[in-house]
2 protein chains.
Amino acid sequence: MNPTHGDAVIPHVVIVGGGFAGLWATRALATAPVRITLVDRHNHHLFQPLLYQVATAGLSAPDIAAPLRHILRKQRNVEVRLAEATAIDAPARRITLAEAADANPSHLDYDYLLLASGATHAYFGHDEWAAHAPGLKTLDDALTLRRRLLLAFERAEASDDPAERAAWLSFAVVGGGPTGVELAGTLAEIARHTLKHEFRNIDPAQARVRLLEAGPRVLASFPESLSAKARRQLERLGVEVVTGTPVSAIDGRGYVLGDGMPVPARTVVWAAGVAASPLGALLDAPRDRAGRVQVGADLSVPNHPEVFVAGDLASVQQDGRPVPGVAPAAKQMGAHVAHAVRARLAGQPAPAFRYRDFGNLATIGRMAAVVDVRGVRLSGVLAWWFWLIAHVFFLIGFRNRLIVLINWTWAYWSYQRHARIILGREAADEP
Amino acid sequence: MNPTHGDAVIPHVVIVGGGFAGLWATRALATAPVRITLVDRHNHHLFQPLLYQVATAGLSAPDIAAPLRHILRKQRNVEVRLAEATAIDAPARRITLAEAADANPSHLDYDYLLLASGATHAYFGHDEWAAHAPGLKTLDDALTLRRRLLLAFERAEASDDPAERAAWLSFAVVGGGPTGVELAGTLAEIARHTLKHEFRNIDPAQARVRLLEAGPRVLASFPESLSAKARRQLERLGVEVVTGTPVSAIDGRGYVLGDGMPVPARTVVWAAGVAASPLGALLDAPRDRAGRVQVGADLSVPNHPEVFVAGDLASVQQDGRPVPGVAPAAKQMGAHVAHAVRARLAGQPAPAFRYRDFGNLATIGRMAAVVDVRGVRLSGVLAWWFWLIAHVFFLIGFRNRLIVLINWTWAYWSYQRHARIILGREAADEP
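Residues numbered from 1 in each chain as written. Chains lettered and ligands numbered in written order. Predicted model: local features only at pLDDT ≥ 70, side-chain atom pairs only at ≥ 80, totals over all residues. Heavy atoms only, no water.

For the record, the criterion: UniProt positions are given in the numbering used here, feature names are shortened, and annotations may be inferred rather than shown by experiment.
Looking at an unreviewed UniProt entry, one finds chain A named NADH:ubiquinone reductase (non-electrogenic) and attributed to Lysobacter koreensis. Here is the UniProt Catalytic activity (unreviewed entry) comment for chain A, exactly as written: "a quinone + NADH + H(+) = a quinol + NAD(+)".

Structural data, given as structure tokens:
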């Protein structure tokens, strides 16, 4: 069912994934002579850099998400579909979608395809850890994590057994990248400040928050001096930073570091491994060890110039280094794919992608962050303000920005986190 | 483990339920010479009058809830426990709690007990309807309902079959009380305004929203003239109001009215029946047909002057009419129980409860409401403003009030509802 525009058939661009890469590509094609179908499993675009705030009860889920349909309502050449891609027939230029469990799969014929379905957790071959150490990629992940973190303090309060109480007050975050650092820092703040005066049998400030990094330092993508500063800021917030030893076991009771003794910890959070979305495997294309699709200079797949991959699912090398899996890179790739499609439509070759690195920011906790922007290195309060302004500025939609600012201002002055609501029907039944 | 205060043993008051009745009782005992244990299955107090706003994506879950521990952090004579009451041994003055699935049940010995666990849905002997027509009592209910309402439009958009599309765009709300009226009115607004321009294959404004009331009129607790006005306001918003015929069947495809033909409707919402919380059955006390405990004049249970019941779980007659199951009545009952406990502690008889009726408000939708306050009857815009101010004023906690006001102001001008985020892991898998 290719609708025609005048005499010509309008080319059909199918974009899988409404994250930064997919959404930026969609928008950049607003005035192109194409019709676009944007496919996503979720009905919303998620501002992933603030997901840890939902997990740690600082923000509500809708604060950092916006319905894709709403974002794109005025872009008349886009149709949004809530569905999952299940198969790609590249020679036939056809993609299969599962819309609902009770419906038959449907098919879309495309002229151009952009696969931008992002990344998921990876447990390095230890999938059995997933049940005990949840990760953080979706809003549902964040609400699950929030429930576990808040319930741990409840269980500690209810327990009469000192050893069990200590195990409930023992938290471990595995992985010293930006997400792990944010989670550990915020968790320490919750224990020390937010929950003050609220419990009668425990002192939440006694909670032990450990950040476990297998490598030699936290925030390995930053210069060494900033890693060291981040570590000191974490320690000042009350986080115990353990580097240099990998986690070798995780179960419902705790974890083991290297060949050491088991450490009791009822709450372990996974922020260590990232793997590409399994959709990459639907393409007959080379992939790297993390499952990312190795794309050409124009971000298209070898032998299929009409198929592009962008964002965390794409493996792109530039000047001998991989382009990092961060939001600005995904946006740039998405916009580039739109350029490439326009070039092809005009009968020209697609240009090569070039990542422009504007710098690297990571927040650590209250008034603590590190910034490395074009050689300017900041840490502490100044870096935190820089991070805050950048993140609020980039939040999609004016309304969300305003609400997030109010929530943060309130949280800042009161040490409170307004979203400390345990959701999930079995709140009292869960371990 | 009865701690002592000086020489005397401090009486222990156990309060089950942190809703309006339980929380108001707890606060009114702040300066009483007692120690209090407040038990709730959820970690939060819920502002139930605005729950329909969470279900219809106007507010986030944390906007209308506050952690009980946080509300009570400064009241040092209270201990909050996240647990479920599972048994009451009234002669022994002992209550059994289940804290977590993997923990042993624990016991609390009380000197006074207040049971205030509220109400739940009732399907009039048709429990099989529950799966097809979810009700609205908790935040999890609201998020489930939100998911279903938003997914219905997605399914309609994805369907090629006109009959199926119409069934997905057919919504029925069963029950013409305040909750049913709010839900139907808001749903019509969403279909007609909020979702405008967002779909490509359907026109959401074609959605059929029916409000089904078995009795002769909607809002039966209001004077007849206001019921008639409410009906006209609903119809103006696009709701089809059907009165006088009970629903006789509900399944996943639709419903039947009386002995009529099946009406296709993939989304049916239950706002018809309320039954008392099953905890009432743990007491050896007389109950009315809805399962509410029939209490004495002082709200205590016959033969157990130390056991009180308040809020929606209590059946109280006054001047030959039942005290209604509304928030102000629950608050008044809670405060009364605190009075009664204080009187008993002072060796005096507990006074009789007297409900002070300040009036009756119900909202219908955008700029539409009815108000009946001490003989003053309002409808339309003025009633809506009255309702809005009253509800924002009574929201617990300054921060929530501010956020809710901003959300509503925004929603009012933009017709947008910021919380249109489908949560739940199986978004794409659900029917």
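### A closer look at the overall build of chain A
This is how the line gets drawn: Under the DSSP-based scheme used, a helix requires at least four consecutive residues in state H or I and a strand at least two consecutive residues in state E, with every element numbered from the N terminus. A radius of gyration in this sense is built from C-alpha atoms; the matching globule rule multiplies 2.2 Å by the number of residues raised to 0.38. Should any heavy atoms of two residues lie within 4.5 Å, those residues are counted as being in contact.
When helices and strands are tallied, chain A shows ten helices and 29 strands. In terms of overall size, chain A behaves like a compact globule, its C-alpha atoms giving a radius of gyration of 23 Å where 431 residues would be expected to give roughly 22 Å. Considered along the principal axes of its C-alpha atoms, chain A spans approximately 75 × 50 × 45 Å. The long-range share in chain A, meaning contacts at least 24 apart out of those at least 6 apart in sequence, stands at 64%.

### Details of the relation of the copies chain A and chain B
Test applied: To line up the copies, we fit them by least squares on C-alpha atoms, keeping just the residues with pLDDT of at least 70 in both.
Expressed as a screw operation, the relation of chain A to chain B combines 0.0 Å of axial shift with a rotation of 180°, fitting to an RMSD of 0.0 Å. Taken together, the rotation and translation describe the operation of a two-fold axis. Looking at the rotation axis and the C-alpha trace of chain A, the residue lying nearest is S60(A), at 3.3 Å. Same-surface contact between copies: 100% of interface residues of chain A are shared with the interface of chain B.

### Things to note about the side chain of Q332(A)
With respect to the element layout, Q332(A) can be found in helix α8 (residues 327-345). Sequence-distant contacts of Q332(A), defined by excluding residues within four places in its chain, comprise F353(A), R354(A), Y355(A), R356(A) and F358(A).

### As for a nonpolar patch on the surface
Residue and element names in this part refer to chain A. Stated precisely, the cut-off is as follows: Patches draw on residues past 30% relative accessible area with no salt bridge. Two like charges within 9 Å are joined, as are two nonpolar side chains (Val, Leu, Ile, Met, Phe, Trp, Tyr) within 5 Å. All accessibility values rest on the Shrake-Rupley procedure with a 1.4 Å probe; residue burial counts only the protein chains present in the view. Criterion for a salt bridge: a side-chain nitrogen of Lys or Arg within 4 Å of a carboxyl oxygen of Asp or Glu. When a residue's accessible area, from a 1.4 Å probe over protein chains only, is under 20% of the maximum for its type it is buried; when over 50% it is exposed; and in between it is partly exposed.
Side chains of V381, W385 and I389 sit close together on the surface and give an oily, nonpolar patch of about 290 Å² of accessible area. Here I389 lies in helix α9 (residues 381-394). Classification of I389 as exposed rests on a relative accessible area of 54%.

### Description of α9(A)
Put simply, the rule is: Here a helix's expected span is defined as the number of its residues, less one, multiplied by 1.5 Å.
In a regular helix each residue adds 1.5 Å, so 14 residues correspond to 20 Å; α9(A) covers 20 Å between its end C-alpha atoms and thus fits that length. Of all the positions in α9(A), only A383(A), W384(A), W387(A), L388(A), A390(A), H391(A) and V392(A) are classed as buried.

### So, the domain arrangement of chain A
All names here are of chain A. Convention followed: Those domain boundaries reflect an automatic or database domain assignment. Accessible area, probed at 1.4 Å, shrinks when two parts are joined; the buried area is that loss added up over both. We define a polar contact as two N or O atoms separated by no more than 3.5 Å, with the added condition that, inside protein, one atom must be a possible hydrogen donor and the other a possible acceptor, whereas residues neighbouring each other in sequence contribute only through side-chain atom pairs. Three classes are used: nonpolar for Ala, Val, Leu, Ile, Met, Phe, Trp, Tyr, Cys and Pro, charged for Asp, Glu, Lys and Arg, and polar for all others, with Gly counted as polar.
Entries for chain A in the domain assignment read domain 1 (4-41 + 83-121 + 275-345) and domain 2 (127-271 + 359-414). Domain 1 puts eight residues into the contact, and the matching count from domain 2 is seven residues. Buried area between domain 1 and domain 2, both sides added, is near 510 Å², and the carbon and sulfur share of it is 63%. It is A119, H121 and K331 in domain 1 that bury the most area against domain 2; as a group they hold 63% of the surface buried on that side. Counting across the domain 1 and domain 2 interface gives zero salt bridges. For the pair domain 1 and domain 2, the interface holds one residue pair in polar contact (both at pLDDT 80 or more). Of all the elements in the fold, those that place two or more residues in the side of domain 1 that touches domain 2 are α1 (20-28) and β12 (119-121). Class assignment of the residues belonging to the side of domain 1 that touches domain 2 gives a composition of three nonpolar, two polar and three charged.

### Points about the sheet that holds strand β11 (residues 112-115) of chain B
Residue and element names in this part refer to chain B. Our working definition: Pairing between two strands requires that DSSP report at least two bridges joining them. Axis lines are fitted through C-alpha atoms, for helices just across the contact stretch, and the angle between N-to-C directions can take any value from 0 to 180 degrees.
An order of β7-β4-β3-β11-β23-β22 is seen for the six strands of this open sheet, with the pairing classed as mixed. Every other strand in the sheet has two partners, leaving β7 (78-82) and β22 (300-301) as the edge strands with one partner each. As paired strands, strand β4 (residues 35-40) and β7 are joined by five bridges and run parallel to one another. Its bridge partner being in β7, T37 is matched across the sheet by E79. Its contacts with the sheet place helix α8 (residues 327-345) against β3 (12-16), β11, β22 and β23 (304-309), and it is angled at close to 165° to β23.

### Quick look at the packing of aromatic side chains
Defined as follows: Here a Phe, Tyr or Trp ring, Trp counted by its six-membered ring, pairs with any other such ring whose centre lies within 6.5 Å, and the pair is stacked when the planes are under 30 degrees apart, edge-to-face when over 60, and tilted otherwise.
For the structure on display, the rule yields 20 aromatic pairs over all chains. With 6.3 Å between their ring centres and 40° between their planes, F153(B) and F199(B) make a pair best called tilted. A residue pair is termed long-range when its members are at least 10 positions apart, and F153(B) in helix α4 (residues 139-158) and F199(B) in the loop between α6 (178-194) and β14 (208-213) qualify at 46 residues. For the pair formed by F153(B) and F199(B), the shared burial category is buried. Through successive ring pairs, a cluster of aromatic residues spans Y123(A), F124(A), W129(A) and W270(A).

### Thoughts on the pattern of salt bridges
Residues and elements named next belong to chain A. One pass over the structure, following the stated rule, counts 27 salt bridges over all chains. Close ionic contact of D372 with R377 constitutes a salt bridge, the shortest N to O distance being 4.0 Å. Residue class for R377 comes out partly exposed when judged on its relative accessible area of 48%.

### Structural notes on the packing of helix α6 (residues 178-194) of chain A against helix α7 (residues 224-237) of chain A
Residue and element names in this part refer to chain A. What counts here: By definition in this entry, angles of less than 35 degrees are roughly parallel, angles greater than 145 are roughly antiparallel, angles of 65 to 115 are roughly perpendicular, and the rest are oblique. Crossings are sorted by hand: turned counterclockwise from the far helix by less than a right angle, the near helix makes the crossing left-handed, and turned clockwise it makes it right-handed.
Here α6 crosses α7 at 20°, and the two axes come no closer than 9 Å. Classified by the interaxial angle, the pair formed by α6 and α7 is roughly parallel. Handedness of the crossing formed by α6 with α7: left-handed. For the pair α6 and α7, contact is made by V181, G185, A188 and R192 and by L234, R236 and L237, respectively. Residue composition of the contact of α6 with α7, by class: four nonpolar, one polar and two charged.

### Digging into the packing of helix α1 (residues 20-28) of chain B against α8(B)
All names here are of chain B. At their nearest, the axes of α1 and α8 sit 7 Å apart, and the two run at 35° to each other. Of the two elements, α1 crosses α8, and the hand of that crossing is right-handed. Here F20, A21, W24, A25 and A28 of α1 lie close against α8, whose contacting residues are A327, A330, K331, G334, A335, A338 and R342. In terms of residue class, the contact of α1 with α8 is built from nine nonpolar, one polar and two charged.

### A word on the confidence of the model for chain A
Residues and elements named next belong to chain A. What counts here: The pLDDT value tells you how sure the predictor is about a given residue, anywhere from 0 up to 100.
Overall, the predicted model of chain A reaches an average pLDDT of 90, with 95% of residues at or above 70. Predicted confidence is poor over residues 1-7, with pLDDT under 50, and the contacts of this stretch with residues over four places away or in other chains come to nine contacts. Scored below 50 in pLDDT, residues 425-431 makes 23 contacts in the model with residues more than four places away or belonging to other chains.

### Points about the interface of chain A and chain B
How large an interface is tends to be reported as the accessible area lost when its parts come together. Residue-level contacts link 62 residues of chain A with 63 residues of chain B. Here chain A packs against chain B, burying approximately 5500 Å² in sum over the two surfaces, 55% of which is carbon and sulfur. Linking chain A with chain B are two salt bridges. R69(B) serves as the salt-bridge partner of E154(A), at 2.6 Å between the closest nitrogen and oxygen.

### A look at the sheet that holds strand β9 (residues 94-98) of chain A
Residue and element names in this part refer to chain A. The strand order across the open sheet built from three strands is β8-β9-β10, with neighbouring strands paired in antiparallel fashion. Edge positions in the sheet fall to β8 (84-89) and β10 (106-109), since each has one partner strand and no second. The sheet shows a mean angle of 30° between the axes of neighbouring strands, taken without regard to direction. In this structure, β8 lies alongside β9, joined through five bridges in antiparallel fashion. In the sheet register, E84 faces β9, and the bridge partner there is A98.

### Quick word on unusual backbone geometry
Despite not being glycine, F124(B) has its phi angle at roughly 50°, a positive value. Counting through the fold element by element, F124(B) comes out in the loop between β12 (119-121) and α4.

### A look at α4(B)
The end-to-end C-alpha distance of α4(B), which contains 20 residues, comes to 28 Å, matching closely the 28 Å that a straight helix rising 1.5 Å per residue would cover. The buried fraction of α4(B) is high, at 18 of 20 residues.

### Notes on the pairing of strand β27 (residues 360-365) of chain A
All names here are of chain A. Pairing of β27 with strand β28 (residues 368-373) involves five bridges; the strand directions are antiparallel. Within β28, the residue paired with T363 across the bridge is A369. Between β27 and β28, which pair antiparallel and follow one another directly, the connecting turn spans two residues, one of which, M367, has a positive phi of 60°.

### Focus: the environment of V316(B)
Residue and element names in this part refer to chain B. Relative to the helices and strands, V316 resides in the loop between β24 (314-315) and β25 (317-318). Classification of V316 by relative accessible area gives buried; the value is 11%. Residues V316 and E306 lie ten residues apart in sequence; the distance between their C-alpha atoms is 18 Å. Here V316 is in contact with V295, L299, R321, P322, V323, M333 and F353, once residues within four sequence places are set aside.

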